[in-house]
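What the coordinates show
Next come the chains, spelled out residue by residue.
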Amino acid sequence: MKRFAQYQGWKIEASPIILVRQRLFQAGVVIVRDDGERFVFSDLGNRVYRWQAYERGIEWAKRWIDTNYQLGAHKPPRSDPERPST
């Protein structure tokens, strides 16, 4: 059961929430890039076992990184030589 993973310059931490009344684990994940950019996602699906929630969170995070950063959906801010960044 892995709680932490590294993927293409990102640190992934699976953080499931225990749903006591339903006896389930709700998958969640915290994703941090080397430059400090951070994303937190919850409610990624319910699982019976904690290890399943860890796996679900990590696999979901990897797909999210691929979709939003590796395949070009996210465009980094362009530097404009005439307008200095603040």
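My aim in this report is to walk through the structure given alongside it, one point at a time. (Residues numbered from 1 in each chain as written. Predicted model: local features only at pLDDT ≥ 70, side-chain atom pairs only at ≥ 80, totals over all residues. Heavy atoms only, no water.)

1. Considerations on the overall build of the chain
In terms of regular secondary structure, the chain is built from one helix and seven strands. Counted from the first residue to the last, the chain has its helices and strands arranged as β-β-β-β-β-β-β-α. In the chain, which comprises 86 residues, the share counted as buried stands at 29%. Counting only contacts in the chain whose residues sit at least 6 apart along the sequence, the fraction spanning at least 24 positions is 41%. As displayed, the chain has an accessible area near 6600 Å², and 50% of this comes from carbon and sulfur atoms. (Helix = DSSP H or I, 4+ residues; strand = E, 2+ residues; numbered from the N terminus. Buried < 20%, exposed > 50% of the residue type's maximum accessible area, 1.4 Å probe, protein only. Contact = heavy atoms within 4.5 Å. Areas by Shrake-Rupley, 256 points an atom, 1.4 Å probe, with all protein chains shown as cover.)

2. As for the nonpolar core
Core analysis: the largest hydrophobic core is formed by 18 residues, its most contacted members being Trp-10, Ile-12, Val-29, Ile-31, Trp-64 and Ile-65. Residue assignment for this core shows that the elements contributing at least two residues are strand 1 (4–7), strand 2 (10–14), strand 5 (29–33) and helix 1 (50–70). Non-local contacts of Ile-31, meaning those with residues more than four positions away in its chain, are made with Trp-10, Lys-11, Glu-37, Arg-38, Phe-39, Phe-41, Ala-61, Trp-64 and Ile-65. (Core = buried A, V, L, I, M, F, W, Y, C linked by side-chain atoms within 4.5 Å.)

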